[in-house]
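Observations on chain architecture
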Amino acid sequence: KILEYAEKQEKPDHCEKCENTNCKNCCPTIPIHCLTCPDGSFMFTEESGLNDCLKECPEGYIGNPATKKCQKCREGCAACKDTPETCTKCIEGYKLISGNRCVPIVDCPEGTVEREGVCLKCKDPYCLQCDALNVNKCLKCTETHILNEDECIPNCPDGMYEVEIAGRRTCKPCDGRCKTCSNAESCDECADKYTFVQGSRVCDICQPPSMVIGNVC
């Protein structure tokens, strides 16, 4: 619109100095509006529509050596380097990923995980929180299930007992002599070849002259 207006104006019949000293050449009727820029400068079009010549493009733009213009960084970038696609800083509401991309920050519900601005569903239906790089790897289960080796299970398997770590239920291995246990110190059942030591919940091999009576040594 500025150029359309300028073309309709009477052109001066003599040379005048550009009011914008950054310009190499300027519009005859709008001497603050640059038409070309000197070497080493980039043309930047302001919101008003006026062109200016800058040594460095403002934040959110990058100088294009081929066109000698300031080019806007890709969507979400507050600043970029080398190319418009290589973000170094994101605008509010975006986050930097893979070292050079800005994606929207998304508040994903339980059972899903955010990856590159998209909510992905965790593979296990009883998983509340899973790894962003691997939806098969669960990090936290529902109250009805226990986390064991990245999966949600209703009960700990034989040879393991339930513990709570940092508010999360998980399974830990029993003593190797236990078939089942409730904690690390005592067995509920002994593994094969082991029996309870009399007066305790510890399992061991019963050695002569002791003998096994009712699964107790």
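Everything below is about the structure printed above this text.
Below is a summary of the structure that appears in this document. (Residues numbered from 1 in each chain as written. Predicted model: local features only at pLDDT ≥ 70, side-chain atom pairs only at ≥ 80, totals over all residues. Heavy atoms only, no water.)

Comments concerning the overall build of the protein
Tallying secondary structure elements over the protein gives 1 helix and 22 strands in all. Against the globule reference of 17 Å for 217 residues, the protein gives a C-alpha radius of gyration of 36 Å, more extended than a compact globule. In terms of its C-alpha atoms, the protein occupies a principal-axis envelope of roughly 125 × 30 × 25 Å. Buried residues in the protein amount to 31% of all 217 residues. (Helix = DSSP H or I, 4+ residues; strand = E, 2+ residues; numbered from the N terminus. Rg over C-alpha atoms; globule rule 2.2 N^0.38 Å. Buried < 20%, exposed > 50% of the residue type's maximum accessible area, 1.4 Å probe, protein only.)

As for the environment of T112
Assignment of secondary structure puts T112 in strand β11 (residues 112–115). When the C-alpha atoms of T112 and C70 are compared, they prove to be 40 Å apart, with 42 residues separating the residues in sequence. With residues near it in sequence (within four places) discarded, T112 still touches C119, L120, K121, C122 and L128. A polar contact is formed between the side chain of T112 and the backbone oxygen of P109, at a distance of 2.6 Å. (Contact = heavy atoms within 4.5 Å. Polar contact = N/O pair within 3.5 Å; in protein donor to acceptor, adjacent residues only side chain to side chain.)

Quick look at the packing of aromatic side chains
Enumeration over the complete set of coordinates arrives at 1 aromatic pair. Taking 5.0 Å as the distance between ring centres and 85° as the angle between the ring planes, the aromatic pair formed by F44 and Y61 counts as edge-to-face. You can see F44 sitting in strand β3 (residues 42–45) and its partner Y61 sitting in strand β5 (residues 61–64), a full 17 residues away along the chain. On the basis of relative accessible area, F44 is assigned to the buried category, the value being 14%. By relative accessible area, Y61 is classed as partly exposed at 26%. (Phe/Tyr/Trp six-rings, centres within 6.5 Å; stacked < 30°, edge-to-face > 60°.)

So, the environment of L50
Residue placement: L50 occurs in the loop between β3 and β4 (51–54). Residue L50 is classed as buried on the basis of its relative accessible area of 17%. Note: C-alpha distance between L50 and H33 (17 residues apart in sequence) is 5.3 Å.

Re the side chain of H145
Relative to the helices and strands, H145 resides in the loop between β14 (134–141) and β15 (146–148). The class of H145 is buried, set by a relative accessible area of 11%. Looking at H145, its side chain comes within polar contact range of the side chain of T144, at 2.8 Å. Leaving out residues up to four positions away in the same chain, H145 has contacts with Y126, C152, I153, P154 and R169.

A look at the pairing of β11
When β11 meets strand β12 (residues 118–121), the two strands line up antiparallel, connected through 4 bridges. Among the inter-strand pairings, V113 is bridged to a residue of β12, identified as L120. Hairpin geometry of β11 and β12 is characterised by an intervening segment of 2 residues between the two adjacent antiparallel strands and by a positive phi of about 55° at E116. (Pairing = 2+ DSSP bridges.)

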